[in-house]
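Secondary and tertiary structure notes
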Amino acid sequence: MKSLNLQKSFNIILSPEFYWVKKKKLPVKFAFQAKKYAKALFEGFLPNDEYNYIVSKENEEFIFIAFSEKQIVNFMKTINIKAEQIGKIYFAQFENKFFKTPIYLDEENALIEIDKIATILKVGFISDKITLYPANENYKPTGLSTRISSKSFFTQMQIYILSGLILFFALLNFVEAWGYGIQTEIKEIEFEEFVKKTGLPNSTYQLKNIYQKYDTLDKTERNKRDVSLIIIKSIMKHKGEITMFNLEKKKLLLMIKVNPKTKNGVKIKSQLSKEKFIKKMTVNKDIMVIRANI
Amino acid sequence: MKKEFLLIGAVAILIFSIFYKASSYSNFVKSLDEIRVQEEKIATIGELKKSWKNSKIKIRLDAIKKYLPKQSVKSFSKKKRKLKASFVKLNPKIYNKLIKDIWNLKVKIIKFKSKVVDEKYEVNLECSWQ
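In this report, we go over the structure that sits alongside the text.

Calculation notes
Residues numbered from 1 in each chain as written. Chains lettered and ligands numbered in written order. Predicted model: local features only at pLDDT ≥ 70, side-chain atom pairs only at ≥ 80, totals over all residues. Heavy atoms only, no water. Helix = DSSP H or I, 4+ residues; strand = E, 2+ residues; numbered from the N terminus. Buried < 20%, exposed > 50% of the residue type's maximum accessible area, 1.4 Å probe, protein only. Contact = heavy atoms within 4.5 Å. Areas by Shrake-Rupley, 256 points an atom, 1.4 Å probe, with all protein chains shown as cover. Axes fitted to C-alpha atoms, helices over the stretch in contact; angles between N-to-C directions. Parallel < 35°, antiparallel > 145°, perpendicular 65-115°, else oblique. Nonpolar A, V, L, I, M, F, W, Y, C, P; charged D, E, K, R; others polar. Pairing = 2+ DSSP bridges. Arc of directions from axis to C-beta. Phe/Tyr/Trp six-rings, centres within 6.5 Å; stacked < 30°, edge-to-face > 60°. Lys NZ or Arg CZ within 6 Å of the ring centre and 35° of its normal. Patch = residues over 30% accessible without salt bridge, like charges linked within 9 Å, V, L, I, M, F, W, Y side chains within 5 Å. Salt bridge = Lys/Arg side-chain N within 4 Å of Asp/Glu carboxyl O. Lys, Arg positive; Asp, Glu negative; His and termini not counted. Charge placed at Lys NZ, Arg CZ, Asp CG, Glu CD. Buried area = accessible area lost by both parts, 1.4 Å probe. Polar contact = N/O pair within 3.5 Å; in protein donor to acceptor, adjacent residues only side chain to side chain.

Examining the overall build of chain B
Within chain B, the secondary structure is distributed over three helices and four strands. Tracing chain B from N to C terminus, the helices and strands come up as α-α-β-β-α-β-β. Here chain B holds 130 residues, and 35% of them are scored as buried. Long-range contacts, defined here as pairs at least 24 residues apart, represent 50% of the contacts in chain B between residues at least 6 apart. Looking at chain B as shown, the accessible area adds up to about 8,200 Å², and 56% of this sits on carbon and sulfur atoms.

What about unusual backbone geometry?
Backbone geometry follows two general trends: most residues other than glycine have a negative phi, and most peptide bonds adopt the trans configuration. Positive phi outside glycine occurs at Lys239 of chain A, with the angle close to 55 degrees. For Lys239 of chain A, the location among the structural elements is in the loop between helix H5 (204-237) and strand S10 (241-248). The exposure class of Lys239 of chain A is exposed, given its relative accessible area of 68%. Phi is positive for Glu119 of chain B, which is not a glycine, with a value near 60 degrees. Among the secondary structure elements, Glu119 of chain B is positioned in the loop between strand S3 (108-117) and strand S4 (120-128). Classification of Glu119 of chain B as exposed rests on a relative accessible area of 71%.

Observations regarding the packing of helix H2 (residues 57-67) of chain B against helix H3 (residues 92-104) of chain B
Residue and element names in this part refer to chain B. One way to put it is that H2 packs onto H3 with a least axis distance of 11 Å and a crossing angle of 180 degrees. One element, H2, and the other, H3, form an angle in the roughly antiparallel class. For the pair H2 and H3, the contacting residues are Arg60, Leu61, Ile64 and Tyr67 in the first and Ile94, Lys97, Leu98, Asp101, Ile102 and Asn104 in the second. Its residues assigned to classes, the contact of H2 with H3 shows six nonpolar, one polar and three charged.

Some thoughts on the sheet that holds strand S2 (residues 19-24) of chain A
Residue and element names in this part refer to chain A. Reading across from one edge, S2-S4-S3 is the order of the three strands in this open sheet, with antiparallel pairing throughout. Of all strands in the sheet, those with a lone pairing partner are S2 and strand S3 (52-58), marking the two edges. Sheet twist, expressed as the mean angle between neighbouring strand axes with direction ignored, is 20 degrees. Strand direction decides the pairing type here: S3 and strand S4 (residues 61-67), joined by seven bridges, are antiparallel. Paired with Ser56 across the bridge in S4 is Ile63.

As for helix H6 (residues 263-273) of chain A
Residues and elements named next belong to chain A. Taken residue by residue, H6 has Gly265, Ile268 and Leu272 as its buried positions. Projected onto a plane normal to the axis of H6, the buried residues spread over an arc of 65 degrees and lie on a single side. As for H6, its buried residues are in contact with H5, strand S12 (278-284) and strand S13 (287-293).

Structural notes on the packing of aromatic side chains
The final tally for this structure, using the stated rule, is 18 aromatic pairs over all chains. Ring centres 5.9 Å apart and planes at 50 degrees place the aromatic pair Phe174 of chain A and Phe16 of chain B in the tilted group. Separated into two different chains, Phe174 of chain A in helix H4 (residues 156-198) and Phe16 of chain B in helix H1 (residues 2-52) make up a pair that spans both. The exposure class assigned to Phe174 of chain A is partly exposed, which follows from its relative accessible area of 26%. When the ring of Tyr95 of chain B is compared with that of Tyr121 of chain B, the centres are 3.8 Å apart and the planes differ by 5 degrees; the resulting orientation is stacked. Of the two residues, Tyr95 of chain B sits in helix H3 while Tyr121 of chain B sits in strand S4, which places them 26 residues apart along the sequence. No difference in accessibility class separates Tyr95 of chain B from Tyr121 of chain B, as the two residues are buried. Aromatic rings pair up to connect Tyr19, Phe67 and Phe91 of chain A into one cluster. For Lys22 of chain A, the ring lying beneath its charged end belongs to Phe45 of chain A, and the centroid distance is 3.5 Å.

Some words on a negative patch on the surface
Residues Glu185, Glu188, Glu190, Glu192 and Glu193 of chain A together with Glu34 and Glu39 of chain B make up a contiguous surface patch of negative charge. Elements represented by at least two residues in the negative patch include exactly H4 of chain A together with H1 of chain B. Here Glu188 of chain A is to be found in helix H4. With relative accessibility at 37%, the residue Glu188 of chain A sits in the partly exposed group.

With respect to the pattern of salt bridges
Residues and elements named next belong to chain A. Overall, the coordinates contain 14 salt bridges over all chains when judged by the stated rule. Its salt-bridge partner being Glu58, residue Lys23 comes within 3.3 Å of it at the nearest N-O pair. With a gap of 35 residues between them, Lys23 in strand S2 and Glu58 in strand S3 connect regions that are remote in the sequence. Taking the relative accessible area as the measure of exposure, Lys23 reaches 48% and is therefore partly exposed. For Glu58, a relative accessible area of 36% puts it in the partly exposed group. Three or more residues are tied together by salt bridges with common partners; here these are Glu221, Lys224 and Arg225.

Some points on the side chain of Ser234 of chain A
Residue and element names in this part refer to chain A. Inspection of the secondary structure puts Ser234 in helix H5. Owing to a relative accessible area of 5%, Ser234 belongs among the buried residues under this scheme. The residues touching Ser234, leaving out its near neighbours within four places in the chain, are Ile268, Gln271 and Leu272.

Description of the interface of chain A and chain B
With 55 residues of chain A at the contact, the number on the chain B side is 48 residues. In this assembly, chain A packs against chain B so that about 4,800 Å² is buried in total across both faces, 69% of it on carbon and sulfur atoms. Between chain A and chain B we count two salt bridges in total. Notably, a salt bridge pairs Lys21 of chain B with Glu176 of chain A, separated by 3.4 Å at the nearest N-O pair. Between chain A and chain B we count 18 residue pairs in polar contact (both at pLDDT 80 or more) in total. Elements supplying a minimum of two residues to the side of chain A that touches chain B: H4, H5 and S10 of chain A. The element contributing the most residues to the side of chain A that touches chain B is H4 of chain A, with 22 residues. Each residue belonging to the side of chain A that touches chain B can be placed in one class, and the counts come to 27 nonpolar, 13 polar and 15 charged. Here S10 of chain A pairs with S3 of chain B via five bridges, running antiparallel. Its bridge partner being in S3 of chain B, Glu248 of chain A is matched across the sheet by Lys111 of chain B.

Written out as structure tokens, the structure reads:
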């Protein structure tokens, strides 16, 4: 066949040498169920190759078509057509309108229907009474069809360029990630050196313990002092007299000599009763007892 | 189709690299945060240690003892970073000064008990330091 110089993609109708057809009744209902039997059905009939199968149901029978994609693609290459250019694939057997009159395939071969089977015959074997026509280029196929599964959307070069670009961006990401890793290590080393200088242990657990020890001590002792100073200042301000001051553990007990009925006594009581740490305030004659929790 | 596998492989590597970078960045930020928290803790420990582990506390406690009248110091014992002291007959002025000085010292006040006896103060003090 002549080499073609076509740029667009197009559909093709396969002549009979590219496919095999079988009809068979099977005890299944649907085509997808019948497809499981396709390979076994053609076993021993086909040349050694990898085949694709199409199954269609026609009345009570299933139509099985076997074809080799590789063979089709290789043939297309010989006529300068890339696999990417092949759109849908149709089969001559199911396009009888295409050759209702016998047609030329090329100078030597013709496609004709014999006993309802699409057949290729040498032009020389066809009677002179039969007129051969060129194929109708405007014909739109309607029968069973499929697509090349190995068809690529990209050319080889496009794939290489695209893959290269993608890998380049991936490499940039890896380099950046590696950079973060290095920076983390540097920060950790710097931190270890900083800890060494302070003379503190490097372990997070030990550091936490030391921190808690000092933090608790600081907060508790500050609280003791703050609470007792607030109470003492209030008493002194209103001319009370501390007769007892007991601070032990986290409890504070004070006894004040002040007449609770005087202005000062009332002020001390009202001022201290607002404080959250005051647990209890009792008055007995001119003695006020204050209990506070630190 | 084999060629597409190259493309799919490249895309898979790119996706992996994006997640790997995101994970590395997240680890980096997490690590920085942890280091910052630890540094803050260390700085706080340093400050607390400086104020609570003061070698001059013993001297300052002795200084308190010195300004108290001798007859007022009933007992004054320092053992293993711990002070147990008992004072009697403190006038209000000295008593207030004593409270002020003890309160300003970075010591752990275990016990501070005081009461008025014949218009004078009696104090029992127990404290420790780092």
